[in-house]
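# Chains, contacts and geometry: an overview
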Amino acid sequence: MAEADPMTQSPVLDALINRASMPPRLLNDKVPPRADIDKMLAAAMSAPDHGAVHPWRFHVIEGEARNRLGDLFAEVLLDNDPFAPTAAIEKAKARPLRAPVIITVCAKVDPSRAPKIPVVEQVVTAAAAMEHLVIAAQAMGYGAIILTGPNAHAGKVRAAFGLDREDELLGFVYIGCADEPAPPKERPDARDYTNDWTG
Ligand SMILES: Cc1cc2nc3c(=O)[nH]c(=O)nc-3n(C[C@H](O)[C@H](O)[C@H](O)COP(=O)(O)O)c2cc1C
(Lines give C-alpha, C1' and ligand atoms only; values in the text may rest on other atoms or scores of the structure.)
Protein backbone atom coordinates (compact mmCIF):
# COMPACT_ATOMS: atom_id res chain seq x y z
CA MET A 1 0.00 0.00 0.00
CA ALA A 2 1.27 3.49 -0.82
CA GLU A 3 2.36 5.56 2.16
CA ALA A 4 -0.25 8.12 3.25
CA ASP A 5 0.65 11.61 2.14
CA PRO A 6 0.57 13.72 5.31
CA MET A 7 -0.47 16.74 3.22
CA THR A 8 -3.69 15.13 2.09
CA GLN A 9 -4.51 12.65 4.88
CA SER A 10 -4.68 15.00 7.84
CA PRO A 11 -7.94 14.87 9.83
CA VAL A 12 -7.26 18.47 10.89
CA LEU A 13 -7.10 19.54 7.26
CA ASP A 14 -10.31 17.64 6.54
CA ALA A 15 -12.04 19.34 9.47
CA LEU A 16 -10.91 22.75 8.24
CA ILE A 17 -11.79 22.25 4.59
CA ASN A 18 -15.17 20.69 5.33
CA ARG A 19 -16.14 22.97 8.21
CA ALA A 20 -19.63 24.41 7.92
CA SER A 21 -21.79 26.42 10.28
CA MET A 22 -24.97 24.84 11.60
CA PRO A 23 -28.10 26.96 11.17
CA PRO A 24 -29.76 27.29 14.61
CA ARG A 25 -33.03 25.89 13.22
CA LEU A 26 -31.32 22.50 12.83
CA LEU A 27 -30.20 22.30 16.48
CA ASN A 28 -32.14 20.04 18.82
CA ASP A 29 -32.59 20.27 22.61
CA LYS A 30 -29.80 17.85 23.57
CA VAL A 31 -27.40 19.64 25.91
CA PRO A 32 -23.66 19.14 25.32
CA PRO A 33 -21.95 17.94 28.53
CA ARG A 34 -19.92 20.61 30.28
CA ALA A 35 -16.78 18.49 29.85
CA ASP A 36 -17.17 18.87 26.08
CA ILE A 37 -17.65 22.62 26.36
CA ASP A 38 -14.49 22.75 28.48
CA LYS A 39 -12.60 20.88 25.77
CA MET A 40 -13.75 23.42 23.14
CA LEU A 41 -12.58 26.24 25.41
CA ALA A 42 -9.24 24.48 25.90
CA ALA A 43 -8.85 24.42 22.10
CA ALA A 44 -9.39 28.19 22.05
CA MET A 45 -6.40 28.67 24.36
CA SER A 46 -3.93 27.79 21.60
CA ALA A 47 -4.96 30.74 19.42
CA PRO A 48 -1.94 32.79 18.31
CA ASP A 49 -1.50 35.55 20.89
CA HIS A 50 1.13 38.27 20.40
CA GLY A 51 2.67 39.05 23.79
CA ALA A 52 0.48 36.49 25.61
CA VAL A 53 -2.11 39.17 26.40
CA HIS A 54 -4.90 36.54 26.61
CA PRO A 55 -7.49 39.09 25.42
CA TRP A 56 -10.22 36.48 24.93
CA ARG A 57 -13.18 36.22 27.32
CA PHE A 58 -15.82 33.50 27.13
CA HIS A 59 -19.22 33.64 28.81
CA VAL A 60 -21.02 30.28 28.79
CA ILE A 61 -24.79 30.70 28.79
CA GLU A 62 -26.95 27.65 29.41
CA GLY A 63 -30.43 26.83 30.73
CA GLU A 64 -32.28 29.65 32.44
CA ALA A 65 -29.50 32.17 31.73
CA ARG A 66 -30.54 32.05 28.07
CA ASN A 67 -33.83 33.68 29.09
CA ARG A 68 -31.92 36.51 30.75
CA LEU A 69 -29.98 37.07 27.51
CA GLY A 70 -33.29 37.04 25.62
CA ASP A 71 -34.70 39.64 28.03
CA LEU A 72 -31.65 41.79 27.32
CA PHE A 73 -32.18 41.44 23.56
CA ALA A 74 -35.83 42.49 24.04
CA GLU A 75 -34.72 45.52 26.08
CA VAL A 76 -32.35 46.55 23.29
CA LEU A 77 -35.16 46.22 20.77
CA LEU A 78 -37.47 48.38 22.90
CA ASP A 79 -34.73 50.98 23.46
CA ASN A 80 -34.41 51.31 19.67
CA ASP A 81 -38.12 51.03 18.94
CA PRO A 82 -40.40 51.71 21.92
CA PHE A 83 -43.41 50.72 19.80
CA ALA A 84 -42.00 47.37 18.66
CA PRO A 85 -44.83 44.90 18.12
CA THR A 86 -45.30 42.10 20.66
CA ALA A 87 -44.31 39.49 18.07
CA ALA A 88 -40.94 41.19 17.56
CA ILE A 89 -40.38 41.39 21.32
CA GLU A 90 -41.18 37.69 21.74
CA LYS A 91 -38.86 36.84 18.83
CA ALA A 92 -36.02 38.79 20.45
CA LYS A 93 -36.61 37.00 23.75
CA ALA A 94 -36.60 33.61 22.07
CA ARG A 95 -33.39 34.13 20.07
CA PRO A 96 -31.03 32.57 22.64
CA LEU A 97 -33.38 29.60 23.13
CA ARG A 98 -32.43 28.31 19.67
CA ALA A 99 -29.38 26.54 21.10
CA PRO A 100 -28.79 24.73 24.40
CA VAL A 101 -25.45 26.51 24.84
CA ILE A 102 -24.32 29.94 23.74
CA ILE A 103 -20.79 31.17 24.34
CA THR A 104 -20.39 34.91 24.11
CA VAL A 105 -16.86 35.62 22.92
CA CYS A 106 -15.35 39.00 23.74
CA ALA A 107 -12.07 40.75 23.16
CA LYS A 108 -11.05 42.40 26.45
CA VAL A 109 -8.13 44.44 25.28
CA ASP A 110 -5.27 46.08 27.15
CA PRO A 111 -4.51 49.38 25.36
CA SER A 112 -1.45 49.89 27.58
CA ARG A 113 0.27 47.08 25.62
CA ALA A 114 0.17 49.27 22.47
CA PRO A 115 2.08 50.28 20.41
CA LYS A 116 4.07 47.03 20.71
CA ILE A 117 0.85 45.03 20.67
CA PRO A 118 -1.79 47.23 19.01
CA VAL A 119 -5.40 46.82 20.08
CA VAL A 120 -6.29 45.48 16.64
CA GLU A 121 -3.84 42.60 17.14
CA GLN A 122 -5.50 41.77 20.44
CA VAL A 123 -8.91 41.72 18.76
CA VAL A 124 -7.50 39.45 16.05
CA THR A 125 -6.23 37.09 18.73
CA ALA A 126 -9.64 36.88 20.41
CA ALA A 127 -11.27 36.31 17.01
CA ALA A 128 -8.80 33.49 16.33
CA ALA A 129 -9.75 31.97 19.68
CA MET A 130 -13.42 32.17 18.69
CA GLU A 131 -12.67 30.30 15.47
CA HIS A 132 -10.66 27.65 17.37
CA LEU A 133 -13.73 27.21 19.59
CA VAL A 134 -16.03 26.79 16.59
CA ILE A 135 -13.69 24.36 14.82
CA ALA A 136 -13.29 22.32 18.02
CA ALA A 137 -17.08 22.12 18.47
CA GLN A 138 -17.54 20.99 14.90
CA ALA A 139 -14.65 18.50 15.08
CA MET A 140 -16.35 17.00 18.15
CA GLY A 141 -19.52 16.47 16.14
CA TYR A 142 -21.48 19.44 17.44
CA GLY A 143 -23.19 22.05 15.33
CA ALA A 144 -21.99 25.60 15.86
CA ILE A 145 -22.45 29.03 14.36
CA ILE A 146 -21.27 32.54 15.15
CA LEU A 147 -24.07 35.10 15.24
CA THR A 148 -24.01 38.79 16.09
CA GLY A 149 -26.51 41.33 14.77
CA PRO A 150 -27.09 44.72 16.39
CA ASN A 151 -27.36 43.12 19.85
CA ALA A 152 -23.63 42.41 19.84
CA HIS A 153 -22.84 46.12 19.73
CA ALA A 154 -25.64 47.52 21.90
CA GLY A 155 -24.48 49.41 24.99
CA LYS A 156 -26.64 47.38 27.37
CA VAL A 157 -25.33 44.07 26.04
CA ARG A 158 -21.74 45.29 26.13
CA ALA A 159 -22.24 46.40 29.75
CA ALA A 160 -23.75 43.03 30.67
CA PHE A 161 -20.53 41.37 29.51
CA GLY A 162 -18.30 43.91 31.24
CA LEU A 163 -16.92 45.56 28.10
CA ASP A 164 -15.10 48.90 28.15
CA ARG A 165 -14.42 51.38 25.36
CA GLU A 166 -12.07 49.48 23.07
CA ASP A 167 -13.31 46.01 23.96
CA GLU A 168 -15.41 44.14 21.44
CA LEU A 169 -18.18 41.58 21.63
CA LEU A 170 -17.06 39.36 18.76
CA GLY A 171 -19.88 36.89 18.58
CA PHE A 172 -22.47 34.69 20.19
CA VAL A 173 -21.44 31.12 19.37
CA TYR A 174 -24.53 28.95 19.29
CA ILE A 175 -23.64 25.31 19.99
CA GLY A 176 -25.76 22.18 20.07
CA CYS A 177 -26.54 18.83 18.51
CA ALA A 178 -28.20 18.36 15.16
CA ASP A 179 -29.87 15.35 13.60
CA GLU A 180 -28.41 16.12 10.20
CA PRO A 181 -25.10 17.48 8.96
CA ALA A 182 -24.66 21.18 8.31
CA PRO A 183 -25.72 22.05 4.77
CA PRO A 184 -22.65 21.79 2.49
CA LYS A 185 -21.44 25.05 1.00
CA GLU A 186 -19.82 26.06 -2.19
CA ARG A 187 -16.47 27.63 -1.17
CA PRO A 188 -14.59 30.27 -3.08
CA ASP A 189 -11.43 29.38 -4.97
CA ALA A 190 -8.44 30.56 -2.93
CA ARG A 191 -6.63 31.45 -6.15
CA ASP A 192 -9.13 34.26 -6.70
CA TYR A 193 -7.84 35.89 -3.51
CA THR A 194 -4.17 35.10 -3.81
CA ASN A 195 -1.23 36.41 -5.77
CA ASP A 196 2.50 35.94 -5.66
CA TRP A 197 3.58 39.36 -4.46
CA THR A 198 6.85 40.47 -5.87
CA GLY A 199 6.94 44.04 -4.68
C1 LIG B 1 -18.10 37.78 13.58
C2 LIG B 1 -19.18 37.07 12.81
C3 LIG B 1 -20.50 37.43 12.99
C4 LIG B 1 -21.52 36.80 12.29
N5 LIG B 1 -22.83 37.16 12.49
C6 LIG B 1 -23.79 36.57 11.79
C7 LIG B 1 -25.16 36.91 11.99
O8 LIG B 1 -25.49 37.76 12.82
N9 LIG B 1 -26.10 36.30 11.23
C10 LIG B 1 -25.76 35.35 10.31
O11 LIG B 1 -26.65 34.81 9.66
N12 LIG B 1 -24.48 34.97 10.13
C13 LIG B 1 -23.51 35.54 10.83
N14 LIG B 1 -22.21 35.18 10.64
C15 LIG B 1 -21.89 34.16 9.62
C16 LIG B 1 -22.11 32.75 10.13
O17 LIG B 1 -21.43 32.52 11.35
C18 LIG B 1 -21.61 31.72 9.10
O19 LIG B 1 -20.24 31.91 8.87
C20 LIG B 1 -22.38 31.84 7.80
O21 LIG B 1 -23.70 31.39 8.02
C22 LIG B 1 -21.76 31.03 6.66
O23 LIG B 1 -21.66 29.70 7.02
P24 LIG B 1 -20.25 28.96 6.97
O25 LIG B 1 -19.51 29.36 8.25
O26 LIG B 1 -20.57 27.50 6.93
O27 LIG B 1 -19.55 29.43 5.76
C28 LIG B 1 -21.19 35.77 11.37
C29 LIG B 1 -19.84 35.39 11.20
C30 LIG B 1 -18.86 36.03 11.91
C31 LIG B 1 -17.42 35.62 11.72
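Everything in this summary refers to the structure shown in the same document. Here the residue index of a chain counts from 1 through its sequence in written order. Where local features are concerned, this predicted model is filtered to residues with pLDDT of at least 70; where side-chain atom pairs are given and counted, the filter is 80 or more; whole-chain, interface and lining totals use all residues.

## Details of the overall build of the protein
Looking only at helices and strands, the protein has six helices and four strands in total. A run of H or I in DSSP becomes a helix once it reaches four residues, and a run of E becomes a strand once it reaches two; helices and strands are each numbered from the N terminus. When its helices and strands are written in sequence order, the protein yields α-α-β-α-α-β-α-β-α-β. Seen along its three principal axes, the alpha-carbon backbone of the protein occupies a region of about 65 × 50 × 35 Å. The 199 residues of the protein split such that 28% are buried. Residues are scored as being in contact if the C-beta atoms we place from backbone atoms lie within 7 Å. Of the contacts formed within the protein by residues at least 6 apart in sequence, a portion of 80% connects residues at least 24 apart. The exposure label follows from counting other C-beta atoms within 10 Å of a residue's C-beta, where the C-beta atoms are placed from the backbone and the thresholds are 20 or more for buried and 12 or fewer for exposed, leaving partly exposed in between.

## What about the environment of P23?
Position of P23 relative to the elements: it lies in the loop between helix 1 (11-17) and helix 2 (34-44). Along the sequence, P23 and L147 sit 124 residues apart, while their C-alpha atoms lie 10.0 Å from each other.

## Things to note about the nonpolar core
In this structure, I102, V105, L133, A144, V173, Y174 and I175 are the most contacted members of the largest nonpolar core, which totals 37 residues. Sorting elements by how many residues they give to this core places helix 5 (residues 119-139) first, with eight residues. In contact with L133, other than residues within four places in its own chain, are M40, L41, A43, A44, I103, V105 and V173. To form a nonpolar core, buried Ala, Val, Leu, Ile, Met, Phe, Trp, Tyr and Cys residues must be joined through C-beta atoms within 7 Å.

## A short note on unusual backbone geometry
A cis geometry characterises the amide bond from A114 onward to P115, with omega recorded as 10°. Turning to its location among the elements, P115 is positioned in the loop between strand 2 (101-107) and helix 5. Of note in this structure, A52 is not a glycine but carries a positive phi near 50°. Mapping A52 onto the fold places it in the loop between helix 2 and strand 1 (56-62). Phi is positive for H54, which is not a glycine, with a value near 55°. Its location among the elements puts H54 in the loop between helix 2 and strand 1. In this structure H54 comes out as partly exposed when scored by C-beta crowding, with 15 C-beta atoms within 10 Å.

## Quick look at the site of the ligand
All residues are tested the same way: a C-beta atom is placed from the backbone, and lying within 6 Å of a molecule or strand makes the residue near it. All residues adjacent to the ligand are A20, S21, I145, I146, L147, T148, G149, L170, G171 and K185. Residue assignment for the shell around the ligand shows that the elements contributing at least two residues are strand 3 (143-147) and strand 4 (168-176). Of the residues forming the shell around the ligand, the biggest block, three residues, is contributed by strand 3. By the convention adopted, Pro, Cys, Tyr, Trp, Phe, Met, Ile, Leu, Val and Ala count as nonpolar, Lys, Arg, Asp and Glu as charged, and the other residues, Gly among them, as polar. A class-by-class count of the residues in the shell around the ligand yields five nonpolar, four polar and one charged.

## Details of the environment of L169
You can see L169 is positioned in strand 4. Judged by the 21 C-beta atoms lying within 10 Å of it, L169 falls in the buried class. It is 11 Å that separates the C-alpha atoms of L169 and L147, two residues lying 22 residues apart in sequence. With sequence-adjacent residues up to four places away left out, L169 is seen in contact with T104, C106, A152, H153, V157, R158, F161 and L163.

## Focus on the pairing of strand 2
With seven of seven residues buried, strand 2 is to be regarded as a mostly interior element. Every second residue of strand 2 is oriented toward a common face, with V101, I103, V105 and A107 on one face and I102, T104 and C106 on the other, all of them buried. Here seven bridges tie strand 1 to strand 2, and the two strands are oriented antiparallel to one another. Bridge assignment links H59 to a residue of strand 2, and that residue is T104. Paired strands, in this sense, are two strands between which DSSP finds at least two bridges.

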